[in-house]
Amino acid sequence: MTRFGIEEEFALLDEETLVPVPLGGAAINALTGGTGTFPPGGAGTVKKEFLTSQVEFATSPVQTLAEAESQLRLCRSALTDFARAHRAVAVGTGTPFGVGPAGTVTASDRYGKIARWLGLISDTHHVNGLHVHVEIPDAEARVRALNAVRPWLPVLLALSANSAFADARDTGHASWRSIIMRRLPLFGSPPRFIDVDHYHATVDRLVRAHVIPDAASVSWAARISARYPTLELRVFDAQLCADDTLLLAALCRALVFTAPAEGSVHESDAVQTSLWAAARWGMGATLMHPVSGEPIPARSAIDLLRRTTAPALEESGDLALVNEHLARLLRDGNGAERQRAAHRDSGIAGLRALVSTPQPAAA
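Our subject in this report is the structure included herewith. (Residues numbered from 1 in each chain as written. Predicted model: local features only at pLDDT ≥ 70, side-chain atom pairs only at ≥ 80, totals over all residues. Heavy atoms only, no water.)

**With respect to the overall build of the protein**
Logical step 1: Secondary structure summary: the protein contains twelve helices and twelve strands in total.
Logical step 2: Taken over C-alpha atoms, the radius of gyration comes to 19 Å for the protein, in line with the 21 Å a tight globule of 363 residues would show.
Logical step 3: Considered along the principal axes of its C-alpha atoms, the protein spans approximately 50 × 45 × 40 Å.
Logical step 4: By the burial criterion, 57% of the 363 residues in the protein qualify as buried. (Helix = DSSP H or I, 4+ residues; strand = E, 2+ residues; numbered from the N terminus. Rg over C-alpha atoms; globule rule 2.2 N^0.38 Å. Buried < 20%, exposed > 50% of the residue type's maximum accessible area, 1.4 Å probe, protein only.)

Rendered as structure tokens:
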């Protein structure tokens, strides 16, 4: 079975105001005992992120959703306990509800370089994402898979949009994080690549042209990892619960190996406009059909995604889980819809209750 890995970014917020608080470093020390691994000496890692109000958890490479679930729930539970002890909440959300003064960039040579590169953008770059790595040992196969998943990126974003609020108000968007990310030098749909040499030559040209500081700064919604033999899907907002993360990871792994090759002919600007629609309307959007290019309701596209990936999901044993959690999301809404419903019912107290729900550790 193909290995995969998950990276989740969390925001640490004041429990009353849901404004970011600079607890990232303390959380890392508490969870890892200064080792960087979680649990200390274990397989996963808890790492600093761009702002001091953020942390990232990365699983080890895993072969099954059960392995991933065990690691995700254990970290989420420990992070929840840490936050509660500091009068805070640890939230998987694409953007925090409230934002106070300019965010403080985490002290490191790399983040300092990026902050200088981005200028004033850095002060308001409060975004949290979910990245899924799918291992593909052959470099040319990684590029073919990247081309094939491109037209499916808007469908994945519509399903995972989870950032309706910013600056203590409703943005009107399902994924405000995606809108913020559009200020970066690269975002959204990658171009279509001929082969692996074309991919690396393109990235190298962008670095030499000072568009990005280095290859690791490529911020397309999907890319070839600069560190691992993986295709990395980065289109997702951070997720409210581990079940949503596991659903997306299962779909990613299945899609990488089943996306029809003919889908790769779509132009990047067509995918880009479809990504904007997904960011604006979420599962209520009208998207570009991943194969024909014709308009299609997002919910119909999500069903097409389910049917396309079903053979691979059945082979990996993940089909029942995906069907269960897709049915739940189609009934209850993606993260943005659930956040809006909680805020509509009870204001900030409703949001606080939603994001403070403890994440049980795996048995």
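After that view, the rundown keeps rolling.
**What about the pairing of strand 4 (residues 54-58)?**
Logical step 1: With five of five residues buried, strand 4 is to be regarded as a mostly interior element.
Logical step 2: On strand 4, burial covers both faces: Q54, E56 and A58 on one face and V55 and F57 on the other are all buried.
Logical step 3: Bridge count between strand 3 (residues 44-48) and strand 4: four bridges; the pairing is antiparallel. Among the inter-strand pairings, K48 is bridged to a residue of strand 4, identified as V55.
Logical step 4: Connecting the antiparallel pair strand 3 and strand 4 is a turn made up of five residues. (Pairing = 2+ DSSP bridges.)

**Considering helix 4 (residues 139-149)**
Logical step 1: Within helix 4, eight of the eleven residues are buried, which leaves it mostly tucked inside the rest of the structure.
Logical step 2: Burial in helix 4 covers these residues: A141, R142, V143, A145, L146, N147, A148 and V149.
Logical step 3: Packing partners of the buried residues in helix 4 comprise helix 5 (153-160), helix 7 (196-208), strand 9 (222-224), strand 10 (230-237) and helix 8 (242-258).
Logical step 4: N-cap assignment for helix 4: the residue whose side-chain oxygen lies 3.2 Å from the backbone N of E140 is D138. (Contact = heavy atoms within 4.5 Å. Polar contact = N/O pair within 3.5 Å; in protein donor to acceptor, adjacent residues only side chain to side chain.)

**Here's the deal with the packing of aromatic side chains**
Logical step 1: This structure, assessed with the given rule, holds six aromatic pairs.
Logical step 2: On the basis of an interplanar angle of 90° and a centroid distance of 6.2 Å, the ring pair of F38 and F57 is categorised as edge-to-face. Pair noted here: F38 is in strand 2 (residues 37-38) and F57 is in strand 4, with a separation of 19 residues, a long-range link. When sorted by exposure, F38 lands in the same class as F57, which is buried.
Logical step 3: Considering the side-chain rings of Y199 and W220, the 6.1 Å spacing of their centres and the 65° angle between planes classify their relative orientation as edge-to-face. Residue Y199 is found in helix 7, and its partner W220 is found in the loop between helix 7 and strand 9; the two are separated by 21 residues along the sequence.
Logical step 4: Accessibility expressed as a relative area gives 3% for Y199, which makes it buried.
Logical step 5: Here W220 falls in the buried class, since its relative accessible area comes to 5%. (Phe/Tyr/Trp six-rings, centres within 6.5 Å; stacked < 30°, edge-to-face > 60°.)

**Some points on the pattern of salt bridges**
Logical step 1: All chains considered together, the criterion is met by 20 salt bridges.
Logical step 2: Residues R208 and D204 are paired through a salt bridge, measuring 2.9 Å at the closest nitrogen-oxygen approach. Taken together, the residues span about one helical turn, with R208 and D204 both in helix 7 at a distance of four residues.
Logical step 3: Look at R208 and you get exposed, because its relative accessible area is 56%.
Logical step 4: Of the charged contacts in the structure, one is a salt bridge between D318 and R253, with a shortest N-O distance of 3.1 Å. Linking D318 in the loop between helix 10 (298-316) and helix 11 (319-332) with R253 in helix 8, this pair joins segments that are 65 residues apart in sequence. (Salt bridge = Lys/Arg side-chain N within 4 Å of Asp/Glu carboxyl O.)

**Some remarks on the nonpolar core**
Logical step 1: Judged by nonpolar contacts, the single largest core of 88 residues is most densely connected at L12, Y199, L231, F236 and L287.
Logical step 2: Considering each element in turn, this core owes the most residues, ten residues, to helix 8.
Logical step 3: In this structure, L18, V91, A161 and A164 belong to the second largest nonpolar core, which totals 14 residues. (Core = buried A, V, L, I, M, F, W, Y, C linked by side-chain atoms within 4.5 Å.)

**What about the side chain of E56?**
Logical step 1: Note on placement: E56 falls in strand 4.
Logical step 2: Residues within four places of E56 in sequence aside, it is in contact with E7, E8, E9, T45, V46, K47 and E49.

**Quick look at the layout of surface pockets**
Logical step 1: Taken as a whole, the largest pocket encloses approximately 940 Å³ of empty space.
Logical step 2: Along the walls of the largest pocket sit 38 residues, with E49, R110, Y111, A216 and R234 positioned nearest its centre.
Logical step 3: Broken down by secondary-structure element, the contributors of at least two residues to the lining of the largest pocket are strand 1 (4-14), strand 3, strand 4, helix 3 (109-118), strand 6 (129-135), helix 6 (176-181) and strand 10.
Logical step 4: With five residues, the single largest contributor to the lining of the largest pocket is helix 3. (1 Å grid on protein atoms, 1.4 Å probe; cavity = no way out; pocket = protein on both sides within 12 Å on 5 of 7 lines; lining within 4 Å. Points joined across faces, edges and corners; volume = space filled by probe spheres on them.)

**Notes on the side chain of R76**
Logical step 1: Position of R76 relative to the elements: it lies in helix 2 (residues 65-85).
Logical step 2: Look at R76 and you get buried, because its relative accessible area is 4%.
Logical step 3: Only 3.1 Å separates the side chain of R76 from the backbone oxygen of L240, close enough to count as a polar contact.

**Concerning empty space enclosed by the protein**
In this approach a probe as big as a water molecule rolls over the atoms, and the regions it shows empty are the leftover space.
Logical step 1: For the structure shown, the criterion picks out two cavities of 30 Å³ or more.
Logical step 2: In this structure, the largest cavity encloses a volume near 60 Å³.
Logical step 3: In terms of lining residues, the largest cavity is bounded by L13, L18, V91, T93, T95, P96, F97, Q339, L351 and V355.
Logical step 4: Element by element, the count of residues in the lining of the largest cavity is highest for helix 12 (residues 335-355), at three residues.
Logical step 5: Taken as a whole, the second largest cavity encloses approximately 30 Å³ of empty space.
Logical step 6: Around the second largest cavity sit A11, L51, S53, Q54, P96, H126, V127 and N128, which together line it.
Logical step 7: Its residues assigned to classes, the lining of the second largest cavity comprises four nonpolar, four polar and no charged. (Nonpolar A, V, L, I, M, F, W, Y, C, P; charged D, E, K, R; others polar.)

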